[in-house]
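# Overview (structure and organization)
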Amino acid sequence: VKTPGAVYFIFGATGDLARRKLFPAIYSLYREGKLGEDFAVIGVARRPRSGEEFRDDVYRSIQEFCRYSVEDDAEWSRFAEHFSYKSLDINNIDGYRELLQQTEEVEARFGIPGNRLFYLALAPELFGNVSFNLQKGGMLDSSGWHRLVIEKPFGYDLISAQKLNEELNQVFKEEEIYRIDHYLGKEMVQNIEVIRFANAFFEPLWNNKHISNIQITLSETVGVEERGGYYDNAGALRDMGQNHMLQLLTMIAMEPPSRLLAEDIRDEKVKVLRSLRPYASAQEVKENVVRGQYAEGESGGKTLPGYRQEDKVDPNSNTETYFAAKVYVDNFRWAGVPFYIRTGKRLPVKTTEVVVEFKQMPTNVYLGQKHKLEPNLLVIRVNPMEGIYIKINAKKPGTESQISPLAMEFCQSCQVGINSPEAYERLIHDAANGDSTYFTRWDEVATAWAFVDRIASAWAQESGDISTYAAGSWGPEEADQLLAQDGFHWWPVN
Ligand code: BG6
């Protein structure tokens, strides 16, 4: 679907997100004919920059990070002429009036009917001010639609998120706010819904009668990189848990929506978040949630530094770079099924994977009651490999009744010619088309914070040092015990 003509304002246009993700996404959309010619991009940042310099930045970002590369000069000039730059002190209202003038010029030039999408790739402390000033500067007075796209972190806890939301609501309506969780833009995350709701052999088994447990792993090999300043205040629970992890869980656990409309889907997702069993005490948090911080370790023959040695990290920091939790969804479908979730930095592989482990058959007629068959698994691979893998039991060829597990595998990312769109491409496209399905609604954000706040406040009461794991290992051993005490283990990820 081609997007309606619009001006895209990228606030934070000289930053990392714009360079790595946003400009490449806009170029891919253009190459696929989804943007047409009635669009314009205005890069906004404090730094002075000429239009020419800005277009050079955009060019470099595309050549480095985009799945399409620029093929000829004429095509590049046609694309690049849609880009201009505005140096703006975001607290200075006069700057917004100049921005308005620049906007009206590009709208007239490209025949854009007043639709304006404001993408704030900025620190959240600035969201409120920018929104007020957009309004005061007349940027929201055009006849088309106005949409605000914002990046996480959406607050630090429930109270700060509420405050931020109230500020935004003074200018934008809920349906005009698009809160990005880039995991929801990933091809395989969106595929979870299709796998579940379009296949007769999954949905009937998708419940506590047939599933013994579900494991969600979001592992990263990178450390905190150059983001120590932000990360040391956030930690894995806020950085990955409150958003990506819980969003993935809702996609796995939600009831089928009655219609494929954004509000129906988000209604179902928020019901899952409301059904999460809250940890009732600090003791329950201790029993069900494990945290750890990476210490110096080895990987691929290289010594990796510990978290406390990283740039802009407090050398006595107790911030977690790993957490694992056992979570229950207290509803009819999932009563009694543990969801084990884990995420961490400096783990051995980069992967996002969901493992659905099915219950044992009532009896083992092959090996006798004492022996257990290997359980059936359904594995959804989100990233970097994209695909599905099913583990079943079958007769070992040439034997009378020996059983061996075999894998049926569909690897989407291995297929030649499939080059899945990047998350940001889908999300920018959806926002411009007014489809908020894969954005988080306020009640989802708030309910997720309420769940996470209990864990964070139990940790805040703990004294003593956080436990550590060697960089390059699979995290603290307690995370294995979390499953072992229920008779399960983490399935190895690929
Ligand atoms: C971001 C987190 O939201 O997601 C980062 O802030 C993390 O800490 C990143 O590295 C992981 O995203 P992806 O798409 O690489 O799995």
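First things first, this report covers the structure right here in the doc. (Residues numbered from 1 in each chain as written. Predicted model: local features only at pLDDT ≥ 70, side-chain atom pairs only at ≥ 80, totals over all residues. Heavy atoms only, no water.)

## What to know about the site of the ligand
As a structural note, the neighbourhood of the ligand is formed by K152, H182, Y183, K186, E220, R227, D239, M240, H244, K345 and K350. Y183 is positioned with one of its side-chain polar atoms (N or O) 2.4 Å from an oxygen atom of the ligand. Between the ligand and R227, the relevant distance is 2.8 Å, taken from an oxygen atom to a side-chain nitrogen or oxygen of the residue. For the ligand, whose unbound accessible area comes to 400 Å², protein coverage reaches 79%. (Near = heavy atom within 4 Å. Polar contact = N/O pair within 3.5 Å; in protein donor to acceptor, adjacent residues only side chain to side chain. Areas by Shrake-Rupley, 256 points an atom, 1.4 Å probe, with all protein chains shown as cover.)

## Re the packing of aromatic side chains
Applying the stated rule across the entire model yields 24 aromatic pairs. Taking 4.9 Å as the distance between ring centres and 50° as the angle between the ring planes, the aromatic pair formed by Y30 and F79 counts as tilted. Of this pair, Y30 sits in helix α1 (residues 16-31) while F79 sits in helix α3 (residues 73-80), placing them 49 residues apart in sequence. The class of Y30 is buried, set by a relative accessible area of 10%. (Phe/Tyr/Trp six-rings, centres within 6.5 Å; stacked < 30°, edge-to-face > 60°. Helix = DSSP H or I, 4+ residues; strand = E, 2+ residues; numbered from the N terminus. Buried < 20%, exposed > 50% of the residue type's maximum accessible area, 1.4 Å probe, protein only.)

## Remarks on the pattern of salt bridges
In a structure, side chains of opposite charge can pair up when their charged atoms sit close to one another. Under the counting rule described, the total for this entry stands at 41 salt bridges. With a closest N to O distance of 3.0 Å, R97 and D94 form a salt bridge. Here the residue R97 and the residue D94 both occupy positions in helix α4 (residues 93-110), the gap between them amounting to 3 residues, near one helical turn. Of the residues examined, R97 reaches a relative accessible area of 45% and is grouped as partly exposed. Owing to a relative accessible area of 43%, D94 belongs among the partly exposed residues under this scheme. For K350, the salt bridge identified is with E220, shortest N-O distance 3.9 Å. Within this pair, whereas K350 is found in the loop between β12 (338-344) and β13 (351-358), its partner E220 is found in the loop between β7 (211-219) and α8 (228-253), the two being separated by 130 residues in sequence. Its relative accessible area of 34% is what places K350 among the partly exposed residues. Each of E263, R266, D267, R441 and D443 takes part in a single network of salt bridges with overlapping partners. (Salt bridge = Lys/Arg side-chain N within 4 Å of Asp/Glu carboxyl O.)

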